[in-house]
Amino acid sequence: MRIGALLRIACLGSIALLAGASGAAQTQVPPNMSGIINDYSAGAGGPWHLSAEWDLRIKGASGRADFSAAVAMVRSDLWVVLNQADPADTEARMPHTHHVTVSDAAVTSLSNGIRITGTASVTGSGNPAFEAPIQIDVTGGSAVSFSNIAVTFGAPASNHFGTLPLNGVVSRF
C-alpha cells in the first residue's frame, strides 16, 4: 500500500515538474531578436509607406533592453491618388530615412510577450530630428511565442509616424 502511494506521488511530482519546465521554456525571452516592419502611417504629410529593419537586445535579467531600427519612408500610392500627383514623380513622394535608437529601455512582461518602453532618439535623413517616448510590444501565440512587433511613438514623433502602432514581424532570434 505504501509503495503504491509513493509511486503515485512520484508520478504526479514528475508530471508537475515536466509541465512547469515546458511552461517556462515557452515564456523564456530570447536575448536577441530582429525582424522587419512593413506598414502604412497616416502621419503628417502622408499617408506614408514605411519599411524598416529592427534589432532588439535584452540585457540579461536586468529588465533593460536596447532597440534600433533603420527606417525608409515614402508617400504611399494612396497619397498619389488623393493628391492627383504624377506617379512617376519620385521627388513628390519625399523618400527619406530615419534611424531610431533606444538605449537602456525598461522591459516588462505581457501575457503574450514583452513590452519595452523608453525614449527614442530619431534622425531624419542622417540629421538629428527629435527624441520621443516609444512603446515596443513583441508578442506571439502558442505556436510562435515571439512573432509580432508593434512600435508606437509618442509626441513629437507621433506627428510624423502617426499615433497607431507600426506593425512588423520577428524573423530571427
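This text gives an overview of the structure that appears in the document. (Residues numbered from 1 in each chain as written. Predicted model: local features only at pLDDT ≥ 70, side-chain atom pairs only at ≥ 80, totals over all residues. Heavy atoms only, no water.)

Here's the deal with the sheet that holds strand 2 (residues 48-58)
(1) Moving on: Spatially, 1-2-3-4-5-6-7-8 is the arrangement adopted by the eight strands of the closed barrel, whose pairing is antiparallel. For this sheet the average axis-to-axis angle between neighbouring strands, irrespective of direction, equals 25°. (Pairing = 2+ DSSP bridges. Helix = DSSP H or I, 4+ residues; strand = E, 2+ residues; numbered from the N terminus. Axes fitted to C-alpha atoms, helices over the stretch in contact; angles between N-to-C directions.)

Let's talk about the pattern of salt bridges
(1) Moving on: Inspection of every chain in the model, using the stated rule, returns six salt bridges.
(2) Moving on: Residues aspartate 104 and arginine 64 are paired through a salt bridge, measuring 3.7 Å at the closest nitrogen-oxygen approach. With aspartate 104 in strand 4 (residues 96-110) and arginine 64 in strand 3 (residues 64-75), this residue pair connects regions lying 40 residues apart in the sequence.
(3) Moving on: When its relative accessible area of 36% is taken as the criterion, aspartate 104 is described as partly exposed.
(4) Moving on: A relative accessible area of 30% places arginine 64 in the partly exposed class. (Salt bridge = Lys/Arg side-chain N within 4 Å of Asp/Glu carboxyl O. Buried < 20%, exposed > 50% of the residue type's maximum accessible area, 1.4 Å probe, protein only.)

Comments concerning the packing of aromatic side chains
(1) Moving on: Counting across every chain of the model gives two aromatic pairs.
(2) Moving on: Between the aromatic rings of tryptophan 54 and phenylalanine 67, the centroid separation amounts to 6.2 Å while the plane-to-plane angle is 25°, which identifies the pairing as stacked. Linking tryptophan 54 in strand 2 with phenylalanine 67 in strand 3, this pair joins segments that are 13 residues apart in sequence.
(3) Moving on: Ring centres of phenylalanine 153 and phenylalanine 161 lie 4.3 Å apart, and the angle between their planes is 15°; this geometry places the pair in the stacked category. Comparing phenylalanine 153 with phenylalanine 161, the two get one shared label, buried. (Phe/Tyr/Trp six-rings, centres within 6.5 Å; stacked < 30°, edge-to-face > 60°.)

Section: the pairing of strand 3
Regular strands show a simple pattern: their side chains alternate between the two faces of the sheet.
(1) Moving on: A one-sided burial pattern is seen for strand 3, the buried positions being Ala65, Phe67, Ala69, Val71, Met73 and Arg75 and the unburied ones Arg64, Asp66, Ser68, Ala70, Ala72 and Val74.
(2) Moving on: Across eleven bridges, strand 2 lies against strand 3 in antiparallel orientation. Bridge pairing in strand 3 places isoleucine 58 opposite alanine 65.
(3) Moving on: Where strand 2 hands over to strand 3, the hairpin turn is made up of five residues, of which glycine 60 adopts a positive phi near 55°.

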